[in-house]
Every structure is written in C-alpha cells, then in structure tokens.
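Okay, here's what each chain looks like letter by letter:
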Amino acid sequence: MKSHKIIYFLILLLFPVIGCDDEEFLTEEPKSFNTVDNIFTSSAQVDQLLITLYRDYRSFRVFNWQSKGHGTDVFDSPQFRINDSFSDYSRINAQSGQFSNFYNYYYQLISRANTAIEVANRESINWNNDDERLYAIAQARFFRAYAYGSLAELFGGVPLVTEVITEPKFDFVRSTRAETYQFAVDELESILTDLPETTTQIGRVVRGAAQHYLTEFYLGLGIETSNDSNYDQAIAHASDLIDGGMYALMTERFGARMDEADKDVWWDLFRINNTNYADGNTESIWTIQIDFDAYLAEDGNAVLDYPRNFMPVYRAIPGVTGVAEDVGGRGVAFIAPTEYVTDLIWDETISENDQRNAEHNIRRTILYNDPSYPEDNPGSLIGQEVPQSEIDAANAGNGWIYPIFEKLTTDQFVGLDEGQNRSNLFRDDYAIRLAETILLRAEAYFRKGNTQAAADDINKIRSRAQCTYLVSAGEVDIDFILDERARELLAEESRWHTLLRMGGTVAVDRIREYGLHPHAAATLTFDYNLWPIPQTVIDRNSGAVLEQNPGWVGR
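Residues numbered from 1 in each chain as written. Predicted model: local features only at pLDDT ≥ 70, side-chain atom pairs only at ≥ 80, totals over all residues. Heavy atoms only, no water.

Colleague: Requested: an account of the overall build of the chain, with residues and values cited.
Modeller: On a plain count of helices and strands, the chain comes out with 21 helices and six strands. By the compact-globule yardstick of 24 Å for 555 residues, the chain fits well, its C-alpha radius of gyration being 24 Å. In terms of overall dimensions, the chain has a C-alpha envelope of 75 × 55 × 55 Å along the principal axes. Within the chain, buried positions represent 58% of all 555 residues. Pairs at least 24 apart in sequence give 72% of the contacts found in the chain among residues at least 6 apart. If you sum the accessible surface of the chain, you get close to 22300 Å²; carbon and sulfur atoms cover 47% of it. With 47 positive and 85 negative side-chain charges, the chain shows a spacing of 1 Å between the two charge centroids. (Helix = DSSP H or I, 4+ residues; strand = E, 2+ residues; numbered from the N terminus. Rg over C-alpha atoms; globule rule 2.2 N^0.38 Å. Buried < 20%, exposed > 50% of the residue type's maximum accessible area, 1.4 Å probe, protein only. Contact = heavy atoms within 4.5 Å. Areas by Shrake-Rupley, 256 points an atom, 1.4 Å probe, with all protein chains shown as cover. Lys, Arg positive; Asp, Glu negative; His and termini not counted. Charge placed at Lys NZ, Arg CZ, Asp CG, Glu CD.)

Written out as structure tokens, the structure reads:
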C-alpha cells in the first residue's frame, strides 16, 4: 500500500443508488462516458480497485470510534464530551447515524468487491499469469466475506448481494443471520488455496487472515445455530493457524529497541517497525499500513490519530503542562477508558506480574513538569508525583484524566520538523494478531465444553505476559474470556462485534454493568443482541419488507 497512489473510481454503490428518486437527476446527460463496463482495461486497474478496498478498510478501522468499542464496556466519551457519548439509550434508535455508518460501509466494501470480482473475470483483462488473477479475485472475495461476516455479527441476517447492481433496486430481502454467516465462511473456505502464506507486499491479505475470520465466523455460526460442528470447524481452522508453524507468539524482546532497559516484549509489540511479520514479528498475521510519506503525499489517511483521540488531558492539572511525550502527546480525550479496563480487570491476584499492566505499558503515575509551578517556589515540584487529591480536583466534572495506554501512543513522535504536533502515530497497526486467534479458539473450546483446552489457550496468552496467576479449567467462562480479550486486545479488537456475536444479553448486560456513564444503565431499559437495521434502509426498500431487529421496533 505504501508504494501505491490511491486512484478513486466512480463506482455504483448499493444503497445510495437505491435512495435516488429524482427523475431529473437520473436522466441528466453525462459529461463523460466512463462506466464500469469501459473504465477497467488492465489488471493494474483492477489492482487499484483492490487497493481502494484496503484503504477503505484502513480508514474505517482506524477512524471510526465505534470500531474500537466506543459505547461498550471498554470505552466511551468522557463527561466533558457527553454529547459524543454512545450510551444514552434515550436518544439511540434505528435512525442513529452510527448504525448507518457501519451498514453503509460494509455494503460499500461489498459493492466494490463485487465489481473487482466481475472485472477480474473478464476475458479482456490481461494477467501475467493465472495465479495473479486468482489472487486478485481472492482478495476481493476476502473483503466481501469479511463484510458479510461482520454484518452478521452486528445486524444479523442481511440481503446477500453477490453481483454488480446496474439499476435501482427496491425489493431486497433479508437472509437469516445463520445464512449470512454461512455465506461468509463458504467464501473464505473457497479462497484458502488462492491466498499465499506470505507476501512481499506488506499489508496484503494472506491465508492466515482468512483462517482467522473462518474461526470467528464459524464461532458466530455455532452460537447462532447451537450446532457443535461449527465449533469444531472454528477449532480446526484456528489450530491450522496457531499450530501450523508459520506464526507464534512473541515471547522474547525484539526490534531496534529491544535492548532498552525497563521494558518488555509487550511494549516491543507496539513500537514503530515492529508490527509486521516482515519485521520479525511472528504473531502478526495482517497489518494496516501507515506511512508518514504517504500521509503527506495522499490525503491524510495513512495515519493513526490515537494520541489525539485516546490520550488524556494531564495539562488540566495545576503543575502539569505541555503536549509532549511525558503526557502522551497532544491528547484531547475524545475517547476515555472505562473503570473496567483501567482497574477492574487488573485484580491484584489475577494480574500479579502481568506485563500488560506494568507502569511502562499503562502509565498511571502523573508527575509535575511545569517549571513555573508553584508560584512561591517555581520548579520545586518537577519530577514529583501529583497527589491523587489534585488529580481528582482537576478531573471533577470532566473525566479527562485517566491512565495512558502506551500501545496507543509513543515516546518517539514522527514528523515534528514537518509540522506534526504529537497528535498522530506513524506505525503500522494490527488488523489481526495471533493472540486474538488463540482467544477465539479458547472460546470455541469453552462452548464445546472442553474447559481445560480453553484454559490452556488463555494461559498461552497469560504466560507470555509473565502472569503469576494462570486460570484453571473451572474458572473459564464467557466473562473471563471477555476480560482476557480486554487485557490483551484493547483498541485492537472490534469490541461491538465481539459482544454482539456472543448473542443473548451479553452486550447489554456488560454495558449496564461497566458503561462509563450512569445513564448507560439508567436508559438501557430493553434487551438486544443486534443493532437495528437503519431506518433509512427499511424505508427505501419499498418493494419488500425488511423486518426490524428485536428490541428496536418503535424506538
């Protein structure tokens, strides 16, 4: 991705077209004759469409707060940004824009993937060899499968669109949730042999990515159907990936900064030039490509804006100033962690010696750094710890002071001499890390009733983190699995997908118990395990009825 310029194509998108009813607009004389039928004439152009799929995936995963778990048990907006909160259910309904954003995003991926598949199969497109063609098609089908599996997790059964739509269509019919999952796994199964184990083009989809999502979507299918054979399939695909010899958890320090004292392998995992398999990181399965030069050259999307969004506002404390590395960068606290992820999952016994909770990985100590403070003895407090009473006073009514998760910032900001201000990271980001596959297999084992195998997998993760406490078979349950996912995968997993995939009342129960704001529990007076189908989609589909998901009718 870093070596390519992004080319934008005018592509017929599914639902925006369905929503057009302006006859004059539809009959306007075109100023050019570029269409899907004639714009693609070479394999290079097909590849540019694939690159657009990667770019769309990157932008949504990086910049969409809900994809990080905003409004769940792990994140929400702090009190001083209460209008950005996603946990006041007195104002969340089927017309809320967050639901439309996800729904339309996934169908945009599907539309572009369908176009890429159709064009790649044309006889007029010349390929260097058939393997190149098959890999191009496999990448497009991967994104289509990923989109449908994700839609099944969030929205349940949705219309299955597998061909390019060339005319407005108003009679879409929902599949079932199980059918949507089944389509996703069938797609992924069919492309496994066409995806390479490794690739010289960093950031491209490899076989391991498909195996990971086969694990996840078979797990979702098993939950939906109560059919143990789907758990068997999830375990089988996960085992091929985990035990196949290609990937392994990083257990020793690595990378250019491996000799720095007072750090560990967990810290190394999130340093620049350490996140790709090609960097020697054997647990990296698929990465989102970020690059400072590309950020400057294209449109500002090749960036992680995590320091700005996730970092606290320590400068609100008298005696603490600046936006440098010692306060996590130029944080403005758009997204704050819940007490669940800052404290509750780090129980003293369970978290003894856990590297992930070490001060250099979750920074909880705040030090005075203002040379002009206090007035009566300027600079005398520099380097001393700020008392909790001062922190509480500055935080009261705001919620903008909380621990710094070092995986979301850096101590070596890039581009300061070219106008950057410590708001952004420029390192590649994980799309899939082996640790998540292991925790998916642990869940599949648990749902099969093999709690010892589930404990063994969880303890693989905990042992890497040097935890003194290892979980026993009798302690494994869904809550412990979710806790371990939060400890290991905060801001990496798509927490909404995880919670809704669990079914039942898992999502709403945890929002009520752990939501950042009291109004989460106070206003969430109904149960749901799916997001609502956006009302605009239902209204546009005038030729057939799209049923609304349970819990959302009339809201």
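What follows picks up the thread again.
Colleague: Outline the packing of helix α4 (residues 43-63) against helix α5 (residues 97-120), supporting the account with residue identities and numerical values.
Modeller: Where α4 contacts α5, the two axes come as close as 10 Å, and the packing angle between them is 165 degrees. Taken together, the axis directions place α4 and α5 in an arrangement best described as roughly antiparallel. Crossing geometry of α4 relative to α5 is assigned as left-handed. Taking contact as the criterion, the partners of V46, L49, L50, T52, L53, D56, Y57 and F60 in α4 are, on α5, N101, F102, Y105, Q108, L109, R112, A113, T115, A116, V119 and A120. Of the residues that constitute the contact of α4 with α5, the class distribution is 13 nonpolar, four polar and two charged. (Axes fitted to C-alpha atoms, helices over the stretch in contact; angles between N-to-C directions. Parallel < 35°, antiparallel > 145°, perpendicular 65-115°, else oblique. Left-handed = near helix turned anticlockwise from the far one by under 90°. Nonpolar A, V, L, I, M, F, W, Y, C, P; charged D, E, K, R; others polar.)

Colleague: Which residues make up the packing of aromatic side chains, and what values go with them?
Modeller: By convention here, two paired aromatic rings are described through the distance between centres and the angle between planes. Inspection of the entire model under this criterion finds 46 aromatic pairs. Ring geometry for F86 and F99: centres 5.8 Å apart, planes at 70 degrees, overall edge-to-face. Placement of the pair is F86 in the loop between β1 (75-76) and α5 and F99 in helix α5, with a sequence separation of 13 residues. Its relative accessible area of 1% is what places F86 among the buried residues. In this structure, R81 is placed above the aromatic ring of F334, and the distance from its NZ or CZ to the ring centre is 3.8 Å. Seen from the ring of F480, R487 lies directly overhead, with NZ or CZ sitting 5.3 Å from the centre. (Phe/Tyr/Trp six-rings, centres within 6.5 Å; stacked < 30°, edge-to-face > 60°. Lys NZ or Arg CZ within 6 Å of the ring centre and 35° of its normal.)

Colleague: Help me get a handle on the pairing of strand β2 (residues 284-288), residues and values and all.
Modeller: Buried residues dominate β2, accounting for five of its five residues. Direction of pairing for β2 relative to strand β6 (residues 429-433): antiparallel, over a ladder of four bridges. Bridge assignment links I288 to a residue of β6, and that residue is D429. (Pairing = 2+ DSSP bridges.)

Colleague: I'd like to hear about unusual backbone geometry, residue by residue, with values.
Modeller: The residue after Y373, namely P374, is reached through a cis peptide bond having omega -5 degrees. Here P374 shows up in the loop between β4 (362-363) and α14 (388-395). The phi dihedral of D262 is positive, around 65 degrees, even though this residue is not glycine. The topology assignment puts D262 in the loop between α9 (228-242) and α10 (265-268). One non-glycine residue with positive phi stands out, namely Q466, at about 65 degrees. Counting through the fold element by element, Q466 comes out in the loop between α16 (451-464) and α17 (478-489). Accessibility expressed as a relative area gives 47% for Q466, which makes it partly exposed.

Colleague: Go over the side chain of R464 with me, naming the residues and quoting the values.
Modeller: Within the secondary structure layout, R464 lies in helix α16. There is a polar contact of 2.9 Å between the side chain of R464 and the side chain of E488. Residues within four places of R464 in sequence aside, it is in contact with L249, M250, T251, V265, W266, L269, E283, Q355, R433, A435 and E488. (Polar contact = N/O pair within 3.5 Å; in protein donor to acceptor, adjacent residues only side chain to side chain.)

Colleague: Would you mind going over the nonpolar core in detail, with residue names and values included?
Modeller: Core analysis: the largest hydrophobic core is formed by 159 residues, its most contacted members being F142, F155, W286 and Y528. Here this core takes 15 residues from helix α6 (residues 130-155), the largest share from any one element. Not counting chain neighbours up to four residues away, the residues in contact with F142 comprise L188, I191, V205, A209, A210, Y213 and W286. (Core = buried A, V, L, I, M, F, W, Y, C linked by side-chain atoms within 4.5 Å.)

Colleague: Could you give me a rundown of the pattern of salt bridges, with the residues and numbers involved?
Modeller: Within this structure, the stated rule accounts for 42 salt bridges. Across the pair R464 and E283 runs a salt bridge whose closest N-O atoms are separated by 2.5 Å. Here R464, found in helix α16, pairs with E283, found in the loop between α10 and β2; they are 181 residues apart in sequence, far enough to count as distant. With respect to class, R464 is no different from E283; both count as buried. Between E492 and R433 there is a salt bridge, with its nearest N and O atoms 2.8 Å apart. Taken together, the residues E492 in the loop between α17 and α18 (495-501) and R433 in strand β6 connect sequence positions 59 residues apart. Comparing E492 with R433 shows no difference in burial state: the two are buried. One continuous salt-bridge network, built from bridges that share partners, spans E283, D354, R356, K407, R433, R462, R464, E484, R487, E488 and E492. (Salt bridge = Lys/Arg side-chain N within 4 Å of Asp/Glu carboxyl O.)

Shape is all these values report; function is a separate question.
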